Structure formats: structure tokens, C-alpha cells
Amino acid sequence: MKISFAKADLPGEGALVVGVFEGRVLTSCAERIDQLTDGQLQRALASGRFTGKRDQTLLLPAPSGLAVQRLLLVGFGKQEKLDSLAAEALGGTILAQLQNAGDQQITVLLDDHEDAPCGGGAGLAASMALGASLRAYRFDKYRTKEKDEDKPSVRKMVFALDRHAKAKSRFSLLEKVVAGVTLTRDLASEPANVIYPESLAAYAKALDEDGIQVEVLGEKQMRKLGMGALLGVGQGSERESRLVVMRWSGAKDAAAAPVAFVGKGVTFDSGGISIKPAAGMEDMKWDMGGAAVVIGLMKALAQRKAKVNAVGVIGLVENMPSGTAQRPGDVVTSMSGQTIEVINTDAEGRLVLADALWYTQERFKPKAMVDLATLTGAIIISLGDHYAGLFANDDLLAEQLTKAGKAVGEQLWRLPLDDPYDKQIKSDIADMKNVGGREGGSITAAMFLKRFVKDSKWAHLDIAGVTWAKKDGPVTPKGATGFGVRLLDRLVADAYED
Ligand code: BES
Ligand code: MN
Ligand code: ZN
């Protein structure tokens, strides 16, 4: 779908959208339409249930006096509450309402005076456009038989307002982030016969077109580095493991310490010898969600030429049961030198991250290091799908992340990272074991990771509950959400750019 911004002229075809504030208060452009249609809006509103509450919609077919096929009234809610997140949701709602109605074009007519919501019409238009483009995402490359009448009809969405040039320039930055989110969603949606460590590394490698330096380490190099924890997870698979390093150098000082992002990239998590039950196992194709976020984020940063040095490191393995697979009870030696008793081969993400985190801080001495992982089922029990779990060894970093999450609607909830939990991962024969029992399962997983962080400022995001949506959300169609890309892009913009 193409998004554009144009003068506040009335369209000659398609669907026209105007806003109504709560209490049936017409926006100025809705008033204009009411006059042109000889009062049809006011009559339609008169006794109906549509009052202009946010995200309510009312569709009026072919109003006389207008050339369009459909007029959609959208509830803007209370004017003072219409912030950028609300505007994004409205953009998503409008698109979802109209994308299958048959029209090829949607025109959203917006007021544009100084005290319009979101700092004038331009801010409102840009945020609505962002929401609409995020909601328009589809992963349909494997559908070969979809009928035309089932496909979205909308090709073009036009935001019509006085300061359209300003809106366009604002959106041009947001659009880069959408490109990152889209890449992340695509990668997480791909099945595991298509995305495996080598092929995912190739997708990451393609970022060199955006000016990102990409290195791919194979098993031989990782063995030399002593990454026994990561390699142990991959040893049961026919597919070779990979570690990918992506570097974006956008800071004035090319030698300045970078901010680092580390992703869990288990391209399929069968559980290994501690095999998972069959029901729902297909979900484990997106157990590389953390790695997908790191790739999408690096793309977004490069596309918008962020003034920052950033590195992305992703550990890529497939966790499979086989004659060569690691066994419960095996002891592996990590790159840090610490030994790990593998009690449960399904607690594999932390093993991958143990080596990826150690490698990242040893090589890059980052200013801060944030990892993302679909790490534990327990975080879904604690937080459901509304918040991701946040663990941090630094209060300022935790605050910056929480604030960035609030700003973009990707919310984080901080959980404790405290010594008493560390006892749960003591092993009888090695430095630690990889599971700590059912109690506080997400926390003991984070405590495990903490043992592989020396003195870096570090945060861990457990995104198991937010990476895949079972239902449509305002700006996330069901499926891969891309949660984390916008959040970390915002973190970089607010806290790490020159
Ligand atoms: N990838 C899973 C966690 C997960 C579960 C992600 C559901 C997304 C949805 C992880 O590798 C795992 O299997 N964790 C185990 C740990 C346990 C064995 C200590 C879990 O959460 O059950
Ligand atoms: Mn697992
Ligand atoms: Zn996993």
C-alpha cells in the first residue's frame, strides 16, 4: 500500500474518512462534509450509538453531494487524549475497516490548525500513517489460491491536510522504522524449513546494502573461540550454527564505544532430547524472534542514518533431537570458561546467549548491551501478551527502556534480578545448571544470563509473550508483531545518538 500526503481537496473516488470527537463533535473537516451533503452527517449521528468515542466507526455508503463511494466517520475520542499512540491506533483502525471494502483509495481528511491534536495536523497525519502502514502488513507469499475478492482492495492511502509537506517529511523518518519492523515480521513468519542458521545469516548479510558491516562466524571459528554452550545446542541439528555480527557506524567519532544488541536466534526449538509436546510446537519457528528484532533494528538505524555506533550480534542454532544431540546431564564449557550442567535441553536460549553476550562485551566493550529473547514460557504466565519482561543491572538503562517502550506502545515491566534467585541454578558438578525449577522461571533464566555479563550495563528483554499475536491489534495484524524494533530504535534516538 502506498501512503501519500496531499492538499485538503476532496477526492473524486474511493473512501473518504473524517473524524468526530467524543460527544458527536464534528472536526472542522467533518463539518465541511456535513454542509456539502446537506446535513447527512448530523442526521446519521442523531440517534445512533456512534458518539465519537475513540476507534468507533460509522460507515455511510455513497452520500449524495460527494463523489466518493463511501464515507467513514471515525471516533477521535477526547481531543486532549489524542496523542501519537492514539493516532497510530486510529490509522490502523481506519485501514482495517476499509482495506477489504472494495475501494482502491482511502482519503483521510484532517483539520490542520495549531491546536489540532498531536501538535497540529502534520503530527496527527504522520502518526496515523505510521499506524496504517504497520497494520497493513501481510505475510502472504505462500498463498497461491487466494481469490481477488479476498485480497485487500486498497492500494493508496492519502492524508489530505494543509501542511501536507510537513506531514510527509515527518513520515519519511517513521517509514524507515516500518521497513525494519516489516523485515523482522517477515523473518519471524518464515517457517523453519526456510529460515535456518545459514539462511538467516544470509538475510542479515544482505544488510550490507544498507551500509552495515556484516561478519558471519561458522562453527569452526566458534569452536576456536570456545563457544561450547552455543555449539552444544546446535550439535543435534543437520544445520550448522552461525554467529552473526552486524555493525552500523553512524556516530561522529567512529571509534566511540557502541551500544550493543544481542538476539536469541533459535531457528527451531523442538526442545532437543527434552522434547516439547506436539501441541503448539509449530510456534517454535519464531524462537528466533530476538534475532529478527536485532536484524530489523539494524536496518532501521541504517536507513534513517542514526548518529550512533551500534552492533547487533545474533546466535543462530537449531535445537533438534538426534543421535548427535546434547543429552540432559551433559556438561559444556562456555566461552567465559564457566561450565554448565545441561539439565534440560529445552532451556537452550540461555546457552546460546551465554556465549553471544560474552563475545559481545569482550570484543566491543559496549556502552550498554541489551539482549532480546523468546526465553521463557514463564514470562507468558506472568505478563501475558501486553508487556515484555525487563531485567537490568542498571537503573538508568531500565528507566530509559521503560520510557522508550511507553512512547511507542511496546511496554516493558521490570522484574527482579536479585542474588537470592541465583541459588536456584547451583549445580552439584559444574559452575551452574541451566534450569532453576518452576518458581520464578523467567527470573532464574535472567540470573543465568547475568553470570555471563561482567561489568557492562546490561538489560535483558524476555519477549516470549509479545513476539507473536494470536489476535489482531490496532497496529499489529495477528502473527509476528516485530515487538522491540520500534522500542530500541526509540531508545537509541533518545539516549544514544550524537
Ligand atoms: N523458546 C522457549 C520459550 C518459549 C515458550 C517461547 C513459549 C515462546 C513461547 C524456551 O527455549 C523454552 O523452551 N523454555 C523452557 C525453559 C524450561 C525448560 C526451564 C520453558 O519456558 O518451558
Ligand atoms: Mn526451549
Ligand atoms: Zn527456545
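Remember, it's a predicted structure, so these values are computed and weren't measured experimentally.

Parameters and conventions
Residues numbered from 1 in each chain as written. Chains lettered and ligands numbered in written order. Predicted model: local features only at pLDDT ≥ 70, side-chain atom pairs only at ≥ 80, totals over all residues. Heavy atoms only, no water. Pairing = 2+ DSSP bridges. Helix = DSSP H or I, 4+ residues; strand = E, 2+ residues; numbered from the N terminus. Axes fitted to C-alpha atoms, helices over the stretch in contact; angles between N-to-C directions. Contact = heavy atoms within 4.5 Å. Domains from an automatic or database assignment. Buried area = accessible area lost by both parts, 1.4 Å probe. Salt bridge = Lys/Arg side-chain N within 4 Å of Asp/Glu carboxyl O. Polar contact = N/O pair within 3.5 Å; in protein donor to acceptor, adjacent residues only side chain to side chain. Nonpolar A, V, L, I, M, F, W, Y, C, P; charged D, E, K, R; others polar. Near = heavy atom within 4 Å. Areas by Shrake-Rupley, 256 points an atom, 1.4 Å probe, with all protein chains shown as cover. Donors = N, O, S within 2.8 Å, 3.2 Å for Na, K, Ca; no water. Tetrahedral: all angles 85-135°; square planar, octahedral: opposite > 155°, others 65-115°. Buried < 20%, exposed > 50% of the residue type's maximum accessible area, 1.4 Å probe, protein only.

Note: strands within a sheet are paired through backbone hydrogen bonds, in either parallel or antiparallel orientation. As summarised here, the arrangement of the eight strands in space is S8-S9-S11-S10-S14-S18-S15-S16, forming an open sheet in which the pairing is mixed. Lying at the two open borders of the sheet, with one neighbouring strand each, are strand S8 (213-217) and strand S16 (411-414). Shown here is a sheet whose adjacent strand axes are inclined to one another by a mean of 20 degrees, direction ignored. Looking at chain direction, strand S9 (residues 242-249) and strand S11 (residues 309-319) are connected through eight bridges and run antiparallel. Counted as the bridge partner of Ser249 is Asn309 from S11. Sheet strands touched by helix H12 (residues 395-408): strand S14 (368-373), strand S15 (387-392), S16 and strand S18 (458-462). Its angle to S16, the strand with the most contacts, is close to 150 degrees.

Domains assigned within the chain are domain 1 (2-163) and domain 2 (178-495). On a C-alpha basis, the centroid separation for the pair domain 1 and domain 2 is 38 Å. In total, domain 1 and domain 2 occlude about 1,400 Å² of area from one another, counting both sides; carbon and sulfur atoms represent 60% of this. On the domain 1 side of the contact with domain 2, Leu134, Arg135 and Tyr137 bury the most area, a combined 48% of that side's loss. Counting the contacts that link domain 1 with domain 2 gives three salt bridges. Between Glu88 and Arg486 there is a salt bridge, with its nearest N and O atoms 2.8 Å apart. Connecting domain 1 to domain 2 are seven residue pairs in polar contact (both at pLDDT 80 or more). Contributing elements (two or more residues each) for the side of domain 1 that touches domain 2: helix H3 (84-98) and helix H4 (121-135). Considered class by class, the residues forming the side of domain 1 that touches domain 2 number seven nonpolar, four polar and three charged.

Another point: the site of ligand 1. Every one of the 17 residues lining ligand 1 counts as a neighbour, but Lys276, Asp287, Asp346, Glu348 and Gly377 are closest to it. At 2.9 Å, a side-chain N or O of Asp269 approaches an oxygen atom of ligand 1. At 2.8 Å from an oxygen atom of ligand 1 is found a side-chain nitrogen or oxygen belonging to Asp346. Starting from 520 Å² of accessible surface for ligand 1 in isolation, the protein chains cover 78%.

Moving on, we come to the coordination of the zinc ion (ligand 3). At 2.0 to 2.4 Å from the zinc ion (ligand 3) lie its protein donor atoms, namely Lys264 (NZ), Asp269 (OD), Asp287 (OD) and Glu348 (OE). In this structure, the zinc ion (ligand 3) is surrounded by six donor atoms whose angles at the metal cover 78 to 174 degrees, and the resulting shape is octahedral. One chain supplies every donor to the zinc ion (ligand 3), and in sequence these donors are spaced K-x4-D-x17-D-x60-E.

Take the environment of Ser172 next. Mapped onto the elements, Ser172 comes out in helix H5 (residues 164-189). A residue is classified by how much of its surface remains accessible, and Ser172, at 28% relative accessible area, is partly exposed. When the C-alpha atoms of Ser172 and Ala126 are compared, they prove to be 8.7 Å apart, with 46 residues separating the residues in sequence. Looking at Ser172, its side chain comes within polar contact range of the main-chain oxygen of Ser169, at 2.7 Å.

Attention now goes to the pattern of salt bridges. Scanning the model with the defined rule gives 25 salt bridges in all. For the salt bridge of Asp208 with Lys205, the shortest nitrogen-to-oxygen distance reads 3.9 Å. For Lys205, a relative accessible area of 37% corresponds to the partly exposed category. One salt bridge in this structure joins Arg304 and Glu497, with 2.7 Å as the shortest N-O distance. With Arg304 in the loop between helix H9 (289-303) and S11 and Glu497 in the segment after helix H14 (485-496), this residue pair connects regions lying 193 residues apart in the sequence. The exposure class of Glu497 is partly exposed, given its relative accessible area of 23%.

Turning our attention to the coordination of the manganese ion (ligand 2). Donor atoms from the polypeptide that bind the manganese ion (ligand 2) are Asp269 (OD), Asp346 (O), Asp346 (OD) and Glu348 (OE), placed at 2.0 to 2.2 Å. Taken together, the six donor atoms coordinating the manganese ion (ligand 2) span angles of 71 to 166 degrees at the metal, a pattern that classifies the geometry as irregular. Read N to C, the donor residues that coordinate the manganese ion (ligand 2) are spaced as D-x76-D-x1-E. Between the two metals, the manganese ion (ligand 2) and the zinc ion (ligand 3), the spacing is 3.2 Å, and Asp269 donates to both. You can call Asp346 partly exposed: its relative accessible area is 22%.

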